[in-house]
Amino acid sequence: MLYDCGESINPEVDVGQAEGAFVFGLGYWLSEHFIRDASTGQLLTKNTWEYKPPSAHDIPMDFRVSLLKNAPNPLGILRSKAVGEPPLCMSCSALFAIKRAIENARSEISQDTPFSLHAPATVDVAQTDCLVNEDNFTL
């Protein structure tokens, strides 16, 4: 990820903020699914058995973050820019990648009809959207 944070006050902190925001977004788009009781509204996903926020194991092993050089913000404090929110927004790229993968899986079985992919795109949602059927497998 090439990130424009203006003139960085502390590059190590800014890289960490960008990484953290992106991984936070990965959880939002891919795994953090809230389930509520339809009649009472009570939250049913109260712990990590059912609710899956990202953990240290969810961070990509090869995750390169670089800060854009020579891009000061003349109106910002010490010529810096916001660090956490923009990488969070960039994490939606993972959702778009999964949508493209599902489209390719559907086209392989001649089922390339339009569909909506809603967040979070959990593993079970992606598998269902791929239209996986045992008849499509050959041994």
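As the structure is a computational prediction, the values presented were derived from the model and not from experiment.

Asks: Explain the overall build of the chain residue by residue, including any values.
Replies: Secondary structure summary: the chain contains four helices and two strands in total. Going residue by residue from the N terminus, the α and β elements of the chain occur as β-α-β-α-α-α. Oriented by its inertia axes, the alpha-carbon framework of the chain measures out at about 60 × 40 × 25 Å. Counting across all 139 residues of the chain, residues that qualify as buried make up 27%. Accessible surface for the chain amounts to roughly 9900 Å². Of this, 59% is attributable to carbon and sulfur atoms. Side-chain charges of the chain comprise 10 positive and 18 negative groups, with the mean position of each set lying 6 Å from the other.

Asks: Let's hear about helix α1 (residues 11-30): which residues, and what values?
Replies: Between its first and last C-alpha atoms α1 spans 28 Å; for 20 residues at 1.5 Å apiece the expected length is 28 Å, and the two agree. Taken together, the buried positions of α1 are Asp-14, Ala-18, Ala-21, Phe-22, Val-23, Gly-25, Leu-26 and Gly-27. In this structure, the buried side of α1 is in contact with β2 (66-67), α2 (85-90) and α3 (92-108).

Asks: I'd like a description of the packing of α1 against α3, backed by residues and values.
Replies: With their axes 8 Å apart at the nearest point, α1 and α3 run at an angle of 45° to one another. When the interaxial angle is binned, α1 and α3 end up oblique. Of the residues in α3, those in contact with Phe-22, Leu-26, Trp-29 and Leu-30 of α1 are Cys-92, Ser-93, Ala-94, Leu-95 and Ile-98.

Asks: Kindly report on the pattern of salt bridges, identifying the contributing residues and their values.
Replies: Counted by the stated rule, this structure contains three salt bridges. Close ionic contact of Asp-62 with Arg-64 constitutes a salt bridge, the shortest N to O distance being 2.8 Å. You'll find Asp-62 and Arg-64 in the same group, each marked exposed. Between Arg-100 and Glu-103 there is a salt bridge, with its nearest N and O atoms 3.3 Å apart. Taken together, the residues Arg-100 and Glu-103, both in helix α3 and three residues apart, mark about one turn of the helix. Relative accessible area serves as the criterion here: at 29%, Glu-103 is assigned to the partly exposed category.

Cut-offs and rules
- Residues numbered from 1 in each chain as written.
- Predicted model: local features only at pLDDT ≥ 70, side-chain atom pairs only at ≥ 80, totals over all residues.
- Heavy atoms only, no water.
- Helix = DSSP H or I, 4+ residues; strand = E, 2+ residues; numbered from the N terminus.
- Buried < 20%, exposed > 50% of the residue type's maximum accessible area, 1.4 Å probe, protein only.
- Areas by Shrake-Rupley, 256 points an atom, 1.4 Å probe, with all protein chains shown as cover.
- Lys, Arg positive; Asp, Glu negative; His and termini not counted.
- Charge placed at Lys NZ, Arg CZ, Asp CG, Glu CD.
- Expected span 1.5 Å × (residues − 1).
- Contact = heavy atoms within 4.5 Å.
- Axes fitted to C-alpha atoms, helices over the stretch in contact; angles between N-to-C directions.
- Parallel < 35°, antiparallel > 145°, perpendicular 65-115°, else oblique.
- Salt bridge = Lys/Arg side-chain N within 4 Å of Asp/Glu carboxyl O.

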